[in-house]
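Chains, contacts and geometry: an overview
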Amino acid sequence: MAVEERMTFIKKQLHSQSYKLTPQREATVEVLLENEEDHLSAEDVYLLVKDKAPEIGLATVYRTLELLNELEIVDKINFGDGVSRYDLRKEGADHSHHHLVCIQCGDVSEIEEDLLAEVETKVEREWNFKIKDHRLTFHGVCNACQTKAAEQSHQKETVGQE
Ligand SMILES: [Zn+2]
Ligand SMILES: [Zn+2]
Ligand SMILES: [Zn+2]
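Residues numbered from 1 in each chain as written. Chains lettered and ligands numbered in written order. Predicted model: local features only at pLDDT ≥ 70, side-chain atom pairs only at ≥ 80, totals over all residues. Heavy atoms only, no water.

**Quick word on the sheet that holds strand β6 (residues 137-140)**
If you trace the three strands from one edge of the open sheet to the other, you get β5-β4-β6, paired in mixed fashion. The open sheet is flanked by β5 (108-111) and β6, the only strands paired with a single partner. Mean inter-strand twist for the sheet, computed between neighbouring axes without regard to direction, equals 20°. (Pairing = 2+ DSSP bridges. Helix = DSSP H or I, 4+ residues; strand = E, 2+ residues; numbered from the N terminus. Axes fitted to C-alpha atoms, helices over the stretch in contact; angles between N-to-C directions.)

Next comes the structure, spelled out in C-alpha cells:
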C-alpha cells in the first residue's frame, strides 16, 4: 500500500480515538512509513523529522511516538541493547511481527507471518489466558554473516595447504 493511503488509514485510526493528525504528528508518521525497514529509536526519528519540520522538538516527537504506541499503530521494541525502537505495525495485524536479530552484524529482519497461532491456541486453552499480543525475537547469525564466515574459513584452509 502506498505511503499516502497508509497515512489516510493512520489518520482515521487517530480520529476514531479523537486525536488529530497535526502537521508534526504527520511528519513523524511519514518518517516511520518511509523508513519502515529500519527500527528507529526516538532520536533517529527526531533527526529525520527535523528535515521536514525544523521547528519540531525531541519531546514532541517522543510524545507522538508514545501516543502511536498506545493506539497500537507502532510497537515499541527493545532488542536487548537498551534502546527503545519504534516499529510500524503491519496493516491489519493484530499481533506484532517477529524479528531476527544477528548477533554479529546487528542486522534486524522481520517475519511478517504470525507463526504462533498454534502456540496461542494451546496457551489460551490450557491456561485459560486471553492473548492480546506477544513479542518474539530470535537471536542468531544472519545468512550474510554465515556466508562470510564460511568464505574466511575456506581461505584459511587454502592458505594452510600451501
Ligand atoms: Zn519490525
Ligand atoms: Zn499472534
Ligand atoms: Zn549478520
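**Overview of the coordination of the zinc ion (ligand 2)**
Donor atoms from the polypeptide that bind the zinc ion (ligand 2) are H95 (ND1), D114 (OD), E120 (OE) and H134 (NE2), placed at 1.8 to 2.2 Å. Among the residues examined, D114 registers a relative accessible area of 32% and is labelled partly exposed. On the accessibility criterion, E120 (14% relative accessible area) is buried. (Donors = N, O, S within 2.8 Å, 3.2 Å for Na, K, Ca; no water. Buried < 20%, exposed > 50% of the residue type's maximum accessible area, 1.4 Å probe, protein only.)

**Section: helix α3 (residues 42-52)**
In an α-helix there are 3.6 residues to a turn, and that puts residues three or four apart on one side. Burial in α3 covers these residues: A42, V45, Y46 and V49. Burial along α3 is one-sided: seen end-on, the buried residues are contained in an arc of 100°. With respect to the buried face of α3, the exposed residues turned more than 90 degrees away are L47 and D51. Looking at the buried residues of α3, the elements they touch are α2 (23-34), β1 (40-41), α4 (58-70) and β3 (84-88). (Arc of directions from axis to C-beta. Contact = heavy atoms within 4.5 Å.)

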